[in-house]
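Next come the chains, spelled out residue by residue.
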Amino acid sequence: MRIGITGHRGLTAVIEVQVRRLLESALAGEDPTYLTVVSCIADGPDSWLATIGLAQGARLEVVIPADRYRDGLPEWHHPSYDRLLGSATAIHRTGHVESTEASHMAGSELLVQQVDRLLAVWDGLPARGFGGTADVVTYARQHGVPVDVLWPQGARR
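Everything in this summary refers to the structure shown in the same document. From a predicted model like this one, the values you see are computed outputs, not experimental measurements.

Regarding the packing of aromatic side chains
The description of an aromatic ring pair uses the distance of the two centres, along with the angle that the planes make with each other.
Step number 1: Using the criterion set out here, one finds one aromatic pair in the structure.
Step number 2: Both rings, one in Tyr69 and one in Tyr81, keep their centres 6.1 Å apart while their planes meet at 55°; by these two values the pair is tilted. Of this pair, Tyr69 sits in the loop between β3 (59-66) and α3 (78-87) while Tyr81 sits in helix α3, placing them 12 residues apart in sequence.

So this is what it looks like as structure tokens:
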């Protein structure tokens with residue numbers, strides 16, 4: 001089974017704890033021997049699922065939306081990003097150089113093309129910019145990839 005992740009960044013610490021539990025539950029029924037997590041390993045749900053999957057014995061494949069993608073992530077996240085990237089069994093690149101909304105959407109499209117199922121840490125609201133979680137969910141559904149929406153009850157971004 002190949003499971004991808006998309007989700008909102010910048011969540012509060014309280015929501016992070018709840019989302020991590022939801023992500024752990026989403027992987028709980030999977031045999032790690034046959035599980036691959038596919039992620040762009042951004043801060044937030046992307047890296048949380050990658051970390052959880054690796055801890056359970058799954059393989060990690062990383063999608064890099066742009067050559068300068070890491071530069072656009074918070075500096076405090078760089079050590080986690082680098083560690084996860086170093087743990088990847090495969091790396092997929094879009095060919096974009098600049099880290100833009102368009103390259104992020106291209107990365108998400110590439111991710112969706114690699115998976116059997118997509119986990120979406122999504123509040124159900126429209127994307128705040130092109131390539132946001134809502135856009136990725138729409139793209140996955142249009143391409144027949146099942147989407148499991150994970151959002152803590154009562155949580156707000």
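Concerning the environment of Asp46
Step number 1: With respect to the helices and strands, the residue Asp46 is situated in helix α2 (residues 45-55).
Step number 2: Measuring from C-alpha to C-alpha, the distance between Asp46 and His8 comes to 9.0 Å, with 38 residues separating the pair along the chain.
Step number 3: Residues in contact with Asp46, not counting those within four places in the same chain, are Ile5, Thr6, Gly7, Ser39, Cys40, Ile41 and Tyr69.

Section: the pairing of strand β6 (residues 147-150)
Step number 1: Across four bridges, the pairing between strand β5 (residues 117-121) and β6 is parallel. Counted as the bridge partner of Leu119 is Asp148 from β6.
Step number 2: Crossover connection from β5 via helix α5 (residues 133-142) to parallel β6: handedness right-handed.

Some points on the sheet that holds strand β2 (residues 36-39)
Step number 1: The six strands are arranged β4-β3-β2-β1-β5-β6 in an open sheet whose pairing can be described as parallel. The two strands at the open ends of the sheet, each matched to only one other strand, are β4 (90-96) and β6. On average, adjacent strands in this sheet sit at an angle of 20° to one another, irrespective of strand direction.
Step number 2: In this fold helix α1 (residues 13-28) packs onto β1 (2-7), β2, β5 and β6, with an angle of close to 165° to the strand it touches most, β5.
Step number 3: Across the sheet, α2 lies against β1, β2, β3 and β5, angled at about 150° from β1, the strand it touches most.

Regarding the packing of α1 against α2
Step number 1: Relative to each other, α1 and α2 sit at 45°, their axes nearing to 10 Å. Taken together, the axis directions place α1 and α2 in an arrangement best described as oblique. For the element pair α1 and α2, the recorded crossing hand is right-handed. Here Glu16, Val19, Arg20, Leu23, Glu24 and Leu27 of α1 lie close against α2, whose contacting residues are Pro45, Trp48, Leu49, Ile52 and Gly53.
Step number 2: Among the residues forming the contact of α1 with α2, the class breakdown is seven nonpolar, one polar and three charged.

What counts and how
Residues numbered from 1 in each chain as written. Predicted model: local features only at pLDDT ≥ 70, side-chain atom pairs only at ≥ 80, totals over all residues. Heavy atoms only, no water. Phe/Tyr/Trp six-rings, centres within 6.5 Å; stacked < 30°, edge-to-face > 60°. Helix = DSSP H or I, 4+ residues; strand = E, 2+ residues; numbered from the N terminus. Contact = heavy atoms within 4.5 Å. Pairing = 2+ DSSP bridges. Right-handed = clockwise from strand over helix to strand, strands pointing away. Axes fitted to C-alpha atoms, helices over the stretch in contact; angles between N-to-C directions. Parallel < 35°, antiparallel > 145°, perpendicular 65-115°, else oblique. Left-handed = near helix turned anticlockwise from the far one by under 90°. Nonpolar A, V, L, I, M, F, W, Y, C, P; charged D, E, K, R; others polar.

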